[in-house]
Amino acid sequence: QVQLAESGGGLVQAGGSLRLSCVASEIIFGVNSMRWYRQAPGKQRELVASITQNGRINYVDSVKGRFTISRDNTKTKTAVYLEMNSLKLDDTAVYYCNARILNHFTGTTDYWGQGTQVTVSS
């Protein structure tokens, strides 16, 4: 069973930076996109950033200009990263990574990490 493992979360002051990493336990073939989601207490899970196999990137408006998503290009592992700068109190959440495969025959397959806590303090 493929597992995604996030790391890099922690406690940081507002205005600070963190870099999240998500690495799969083995190479996942056929990944169409990798994503970062977050879920704050009492709120729904929110898509923060995504990157496709072709390098197309999207961000939720609230993190544009502050967060940068990237993926491993060495082809030796399946991994995605999230560089977070100018962190705000509202960025406090559990961050989850996701790898999605879209297959014409088998449909959508999602792999999820266990989440990493990001806490921004004033």
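Residues numbered from 1 in each chain as written. Predicted model: local features only at pLDDT ≥ 70, side-chain atom pairs only at ≥ 80, totals over all residues. Heavy atoms only, no water.

Among the nonpolar cores identified, the biggest contains 30 residues, and Ile 28, Trp 36, Leu 82, Met 84 and Tyr 95 are the most heavily contacted of them. At the level of elements, β3 (18–24), β4 (33–39), β5 (46–52), β7 (67–71), β8 (79–84), β9 (93–103) and β11 (116–121) are the ones that each hand at least two residues to this core. Ranked by residues supplied to this core, first place goes to β9 with five residues. In contact with Leu 82, other than residues within four places in its own chain, are Leu 18, Arg 19, Leu 20, Trp 36, Ala 49, Phe 67, Thr 68, Ile 69 and Tyr 95. (Core = buried A, V, L, I, M, F, W, Y, C linked by side-chain atoms within 4.5 Å. Buried < 20%, exposed > 50% of the residue type's maximum accessible area, 1.4 Å probe, protein only. Helix = DSSP H or I, 4+ residues; strand = E, 2+ residues; numbered from the N terminus. Contact = heavy atoms within 4.5 Å.)

This brings us to the layout of surface pockets. Taken as a whole, the largest pocket spans an internal volume of roughly 220 Å³. The residue inventory of the lining of the largest pocket, partitioned by class, reads five nonpolar, three polar and four charged. (1 Å grid on protein atoms, 1.4 Å probe; cavity = no way out; pocket = protein on both sides within 12 Å on 5 of 7 lines; lining within 4 Å. Points joined across faces, edges and corners; volume = space filled by probe spheres on them. Nonpolar A, V, L, I, M, F, W, Y, C, P; charged D, E, K, R; others polar.)

Moving on, we come to unusual backbone geometry. Both trends apply: most residues other than glycine have a negative phi, and most peptide bonds are in trans. You will see that Ser 86, though not glycine, has its phi angle at about 50°, which is positive. Of note, Ser 86 is situated in the loop between β8 and β9. With relative accessibility at 41%, the residue Ser 86 sits in the partly exposed group.

Take the sheet that holds strand β1 (residues 4–7) next. Pairing within the open sheet is antiparallel, and its four strands lie in the order β1-β3-β8-β7. Either end of the sheet is taken by a strand with one partner, and the two such strands are β1 and β7. Averaged over all pairs of adjacent strands, the angle between strand axes in this sheet comes to 15°, irrespective of strand direction. For β1 and β3, the ladder comprises four bridges, and the chain directions are antiparallel. By the bridge assignment for β3, Ala 5 is matched with Val 23. (Pairing = 2+ DSSP bridges. Axes fitted to C-alpha atoms, helices over the stretch in contact; angles between N-to-C directions.)

It is worth spelling out the packing of aromatic side chains at this point. What the rule picks out here adds up to one aromatic pair. Aromatic pair Tyr 37 and Trp 112: ring centres 5.0 Å apart, planes at 55°, arrangement tilted. Of this pair, Tyr 37 sits in strand β4 while Trp 112 sits in strand β10 (residues 107–112), and the two are 75 residues apart along the sequence. According to the relative accessible area criterion, Trp 112 is partly exposed, its value standing at 35%. Above the plane of the ring of Trp 112 lies Arg 45, whose end atom (NZ or CZ) is 4.9 Å from the centre. (Phe/Tyr/Trp six-rings, centres within 6.5 Å; stacked < 30°, edge-to-face > 60°. Lys NZ or Arg CZ within 6 Å of the ring centre and 35° of its normal.)

Function cannot be inferred from these measures alone, as they are strictly geometric.
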